[in-house]
Amino acid sequence: MATLKWFFEPSHTGAEFRARHMMVTYVRGQIKNVHGRLEVDPDEPEKARVEATIDASQVYTGSPERDAHLRSADFFDIEHHPTWTFVGSHVHQVSASAFEVTGDLTIRGVTRPVVFDVSYLGQWDTPWWEDGRDLGPRRRAGFAAKTRINRQDFDVSWNDVVDRGGVVVSDLVDVMVDIEAVLEPAESAS
């Protein structure tokens with residue numbers, strides 16, 4: 001079978017992260033409008049390639065003050081590093097719907113290898129609206145990806161000490177990405 005080319009629909013694709021806060025709970029952040037591409041031959045999924053770009057300036061935690069601090073040089077330094085990228089180049093199929101995708105994650109200009117555990121959620125033909133007209137159907141596929149990183153590995157190192165030797169923010173951060181991919185039309189996929 002030929003390689004299929006998919007693009008991430010930004011309005012339905014987003015990233016979320018969570019880190020321990022003050023040693024007792026998790027604080028979560030979201031970033032919407034994730035852009036990306038997937039190229040895969042269904043007969044050889046281990047050769048798939050994936051690329052994603054996240055606009056770190058769009059971080060949202062529900063607290064404007066915290067969001068501004070995350071955008072600052074203490075954390076994401078979006079003035080100098082406005083985007084994060086992931087380029088996946090190795091896929092290991094664990095089961096019919098589970099994959100491990102290894103690639104390079106870049107945050108704050110620092111690139112490190114990571115492995116995402118990816119669940120394939122299925123696909124469906126759906127309407128495709130442009131300028132008020134249904135130009136569908138278009139094939140969509142869903143994926144949920146997750147990994148855990150150490151933020152220190154990416155020079156995201158701000159912290160402060162709390163009572164009894166605790167810290168304000170944990171080093172380990174869980175990253176989750178929900179992806180809705182849309183199959184490119186055949187004339188674009190060749």
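As a starting point, this report considers the structure included with it.

Definitions and limits used
- Residues numbered from 1 in each chain as written.
- Predicted model: local features only at pLDDT ≥ 70, side-chain atom pairs only at ≥ 80, totals over all residues.
- Heavy atoms only, no water.
- Helix = DSSP H or I, 4+ residues; strand = E, 2+ residues; numbered from the N terminus.
- Buried < 20%, exposed > 50% of the residue type's maximum accessible area, 1.4 Å probe, protein only.
- Contact = heavy atoms within 4.5 Å.
- Areas by Shrake-Rupley, 256 points an atom, 1.4 Å probe, with all protein chains shown as cover.
- Lys, Arg positive; Asp, Glu negative; His and termini not counted.
- Charge placed at Lys NZ, Arg CZ, Asp CG, Glu CD.
- Phe/Tyr/Trp six-rings, centres within 6.5 Å; stacked < 30°, edge-to-face > 60°.
- Core = buried A, V, L, I, M, F, W, Y, C linked by side-chain atoms within 4.5 Å.
- Salt bridge = Lys/Arg side-chain N within 4 Å of Asp/Glu carboxyl O.
- Pairing = 2+ DSSP bridges.

### A closer look at the overall build of the chain
Okay, step 1: When its secondary structure is counted, the chain shows 2 helices and 14 strands.
Okay, step 2: Dimensions of the chain, computed from C-alpha atoms along their principal axes, come out at roughly 60 × 40 × 30 Å.
Okay, step 3: Counting over 190 residues, the chain shows a buried share of 38%.
Okay, step 4: When contacts within the chain are restricted to residue pairs at least 6 apart in sequence, long-range pairs at least 24 apart make up 57% of them.
Okay, step 5: Summed over its atoms, the accessible surface of the chain is roughly 10800 Å², and 53% of this surface lies on carbon and sulfur atoms.
Okay, step 6: One way to put it: in the chain the 20 positive side-chain charges average out to a point 4 Å from where the 31 negative ones average out.

### Some thoughts on the packing of aromatic side chains
How two aromatic rings sit relative to each other is set out by the distance from centre to centre and by the angle between their planes.
Okay, step 1: For the structure shown, the criterion picks out 5 aromatic pairs.
Okay, step 2: Their ring planes at 80° and their centres at 6.1 Å tell us that F7 and W128 sit as a pair that is edge-to-face. In this pair, F7 sits in strand β1 (residues 4-8) while W128 sits in the loop between β8 (110-126) and β9 (129-130), placing the two residues 121 residues apart along the sequence.
Okay, step 3: The partly exposed category is assigned to F7, whose relative accessible area is 22%.
Okay, step 4: Residue class for W128 comes out buried when judged on its relative accessible area of 11%.
Okay, step 5: The interplanar angle of 85° and the centroid separation of 6.1 Å between the aromatic rings of F17 and F76 together place this pair among those described as edge-to-face. Taken together, the residues span a long stretch of sequence, with F17 in strand β2 (residues 14-21) and F76 in the loop between α1 (64-71) and β6 (83-95) at a distance of 59 residues.
Okay, step 6: Put simply, the rings of F17, F76 and W84 pair up and form one aromatic cluster.

### Let's talk about unusual backbone geometry
Okay, step 1: The residue D77 is not glycine, and still its phi comes out positive at about 50°.
Okay, step 2: Inspection of the secondary structure assignment puts D77 in the loop between α1 and β6.
Okay, step 3: Judged by relative accessible area, which is 11%, D77 ranks as buried.
Okay, step 4: For D131, which is not glycine, the phi dihedral falls at a positive 50°.
Okay, step 5: Looking at the element boundaries, D131 is found in the loop between β9 and β10 (133-134).
Okay, step 6: On the basis of relative accessible area, D131 is assigned to the exposed category, the value being 77%.

### Observations concerning the nonpolar core
Okay, step 1: One finds L38, F76, F116, I149 and F154 to be the most contacted residues of the largest nonpolar core, which totals 42 residues.
Okay, step 2: Ignoring sequence-local partners within four residues, the contact set of F154 consists of L105, I107, R108, V110, R112, V114 and I149.

### As for the pattern of salt bridges
Okay, step 1: Counted according to the given criterion, the structure contains 9 salt bridges.
Okay, step 2: Among the salt bridges present, the one from E51 reaches R49, with a minimum N-O distance of 3.3 Å.
Okay, step 3: When its relative accessible area of 40% is taken as the criterion, E51 is described as partly exposed.
Okay, step 4: Residues D174 and R148 are paired through a salt bridge, measuring 2.7 Å at the closest nitrogen-oxygen approach. On the criterion of sequence distance, the pair formed by D174 in strand β14 (residues 169-183) and R148 in strand β11 (residues 138-150) is long-range, its members being 26 residues apart.
Okay, step 5: For D174, a relative accessible area of 10% puts it in the buried group.

### Considerations on the pairing of β6
Okay, step 1: Where strand β5 (residues 44-55) lies against β6, 6 bridges are found, and the strand directions are antiparallel. When the bridges of β6 are listed, I54 appears paired with W84.
Okay, step 2: Bridge count between β6 and strand β7 (residues 98-107): 9 bridges; the pairing is antiparallel. The residue bridging Q93 from the neighbouring strand is F99, located in β7.
Okay, step 3: Hairpin connection between β6 and β7: a loop of 2 residues separates the two successive antiparallel strands.

Note that every value here comes from positions in space, so none of it alone points to a role or purpose.
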